Amino acid sequence: MALSNNVIGAINFVAMLLSIPVIGAGIWLASEQDNSCVKILQWPVIILGILILLVALLGFVGGFWRVPWLLVVYLIGMLVLIVLLVCLVVFVYMVTNRGSGHVEPSRAYLEYRLDDFSGWLRRRVQRSYKWDRIRSCLSSTSMCAELNQSYRMAQDFFNAHLTPLQSGCCKPPTKCGYTFVNPTYWISPIDNTADMDCLQWSNDQTQLCYSCDSCKAGLLANLRREWRRADIVLLLTLVALISVYLIGCCAFRNAKTEDLFRKYKQGYT
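Scoring rules and cut-offs
- Residues numbered from 1 in each chain as written.
- Predicted model: local features only at pLDDT ≥ 70, side-chain atom pairs only at ≥ 80, totals over all residues.
- Heavy atoms only, no water.
- Disulfide = S-S within 2.5 Å.
- Helix = DSSP H or I, 4+ residues; strand = E, 2+ residues; numbered from the N terminus.
- Buried < 20%, exposed > 50% of the residue type's maximum accessible area, 1.4 Å probe, protein only.
- UniProt positions renumbered as here; feature names shortened; annotations may be inferred.
- Core = buried A, V, L, I, M, F, W, Y, C linked by side-chain atoms within 4.5 Å.
- Domains from an automatic or database assignment.
- Phe/Tyr/Trp six-rings, centres within 6.5 Å; stacked < 30°, edge-to-face > 60°.
- Lys NZ or Arg CZ within 6 Å of the ring centre and 35° of its normal.
- Salt bridge = Lys/Arg side-chain N within 4 Å of Asp/Glu carboxyl O.

Caption draft 1: Expanded view of the state of the cysteines. Evaluated as defined, the whole model comprises 5 disulfides. Each sulfur of the disulfide joining C144 and C170 lies 1.9 Å from the other. What sets the handedness of the C144 and C170 disulfide is the S-S torsion sign, and at about -80 degrees it is left-handed. In this pair, C144 is assigned in the loop between helix 6 (128-139) and helix 7 (145-150) and C170 in the loop between helix 9 (164-169) and strand 3 (179-182), connecting sequence segments 26 residues apart. Accessibility assignment for this pair places C144 and C170 in one class, buried. Each sulfur in the disulfide pair C169 and C215 lies 1.9 Å from the other. Looking down the S-S bond of the C169 and C215 bridge, the torsion is 90 degrees, so its handedness is right-handed. Of this pair, C169 sits in helix 9 while C215 sits in helix 11 (residues 213-268), and the two are 46 residues apart along the sequence. This pair shows no difference in class: C169 is buried, exactly as C215 is. For the protein chain, the disulfide bridges join cysteines in the arrangement 1-2, 3-5, 4-10, 6-7, 8-9, where the cysteines are counted in sequence order.

So this is what it looks like as structure tokens:
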């Protein structure tokens, strides 16, 4: 039984290590500009990672110090956390399954449309009171000002591979027909009614296209790209965690079987 308990303790030490990628994914999301403005996914991921760490610590202590009730708590708690992690991985995949960009003629960057994204994501940015806070956060960053320092000529800018946020928020939509002066200053066409976003554009450097649907779509495209990267980390961690959990269940069962044999042998003798 001591050997099986030591195996359980060692396995739960591995489970403690597996909490690091989950916590790290949450911290990485929190460090990104767009996620820091929206604050949707990073805290659930971080909290889930911390819970995995704490439950694995209970299993580690219960294994090495032979505390059966801690092992039971570990087995139940880790099963619940694995189910939650499965739900999170599936949820992130489902809400990020749509939302690719659109190619425009003579442009290297892509354009983004709000209707291309899942309804759940759209609802995170469509309500005015939510978007006002997000817009204020985005406009305080330097992502648009950096474009003026990097691109002086129109053709250089048109050949640039902009981030979805820069494409959606820092310039007017291509279909509006604005004339380039610099990346964040454009001359309005005679008729700019091709799209409501054309009317929303402003050369005021604090306004730009932050009120445009294209900016909301660019934000969602950025979130989609980052969330899918985080989802891959969570999926790999989930597979490893399930493997560790199954090994731990087998070791716990063997420990209980050995304990029953030991008690039976002592009673027989």
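Now, onward.
Caption draft 2: Examining the UniProt feature "transmembrane region" (unreviewed entry) in the protein chain more closely. The positions that UniProt labels "transmembrane region" (unreviewed entry) are, in the present scheme, residues 6-31, 43-65, 71-95 and 232-255. Across residues 43-65, helical content stands at 96% and strand content at 0%; the span's end C-alpha atoms are separated by 33 Å. This span, residues 71-95, is 100% helix and 0% strand, and a straight line between its end C-alpha atoms measures 36 Å.

Caption draft 3: Structural detail: the nonpolar core. Ranked by internal contacts, the top residues of the largest apolar core, which has 68 residues, are M78 and L138. Broken down by element, this core gets its largest block of residues, 13 residues, from helix 11. Residues lining this core come from more than one domain, with at least three contributed by each of domain 1 (1-98 + 224-266) and domain 2 (101-220).

Caption draft 4: Spatial organisation of the packing of aromatic side chains. One pass over the full model with this rule turns up 12 aromatic pairs. Here Y109 and F157 contribute two aromatic rings whose centre-to-centre distance is 5.6 Å and whose plane-to-plane angle is 55 degrees, an arrangement assigned as tilted. Of this pair, Y109 sits in the loop between strand 1 (102-103) and strand 2 (110-111) while F157 sits in helix 8 (residues 154-158), and the two are 48 residues apart along the sequence. No difference in accessibility class separates Y109 from F157, as the two residues are buried. When the centroid spacing of 6.4 Å and the interplanar angle of 55 degrees are considered together, the rings of W120 and W227 count as tilted. Here W120, found in helix 5 (residues 119-126), pairs with W227, found in helix 11; they are 107 residues apart in sequence, far enough to count as distant. A relative accessible area of 1% places W227 in the buried class. A connected cluster of aromatic rings, assembled from ring pairs, spans Y109, Y151, F157, F158, F180 and W186. Positioned above the aromatic ring of F158, the side-chain terminus of R107 is 3.7 Å from the ring centre.

Caption draft 5: The pattern of salt bridges, seen in detail. Overall, the coordinates contain 3 salt bridges when judged by the stated rule. Among the ionic pairs, R135 bridges to D132, the shortest N-O distance being 3.1 Å. Of this pair, R135 and D132 both sit in helix 6, 3 residues apart, which is roughly one turn of that helix. Overall, the relative accessible area of 39% leaves D132 in the partly exposed class. K216 serves as the salt-bridge partner of D213, at 3.8 Å between the closest nitrogen and oxygen. One end of the pair is D213 and the other is K216, both in helix 11 and 3 residues apart, which spans about a single turn. For D213, a relative accessible area of 37% puts it in the partly exposed group. Judged by relative accessible area, K216 falls into the buried class, the value being 10%.

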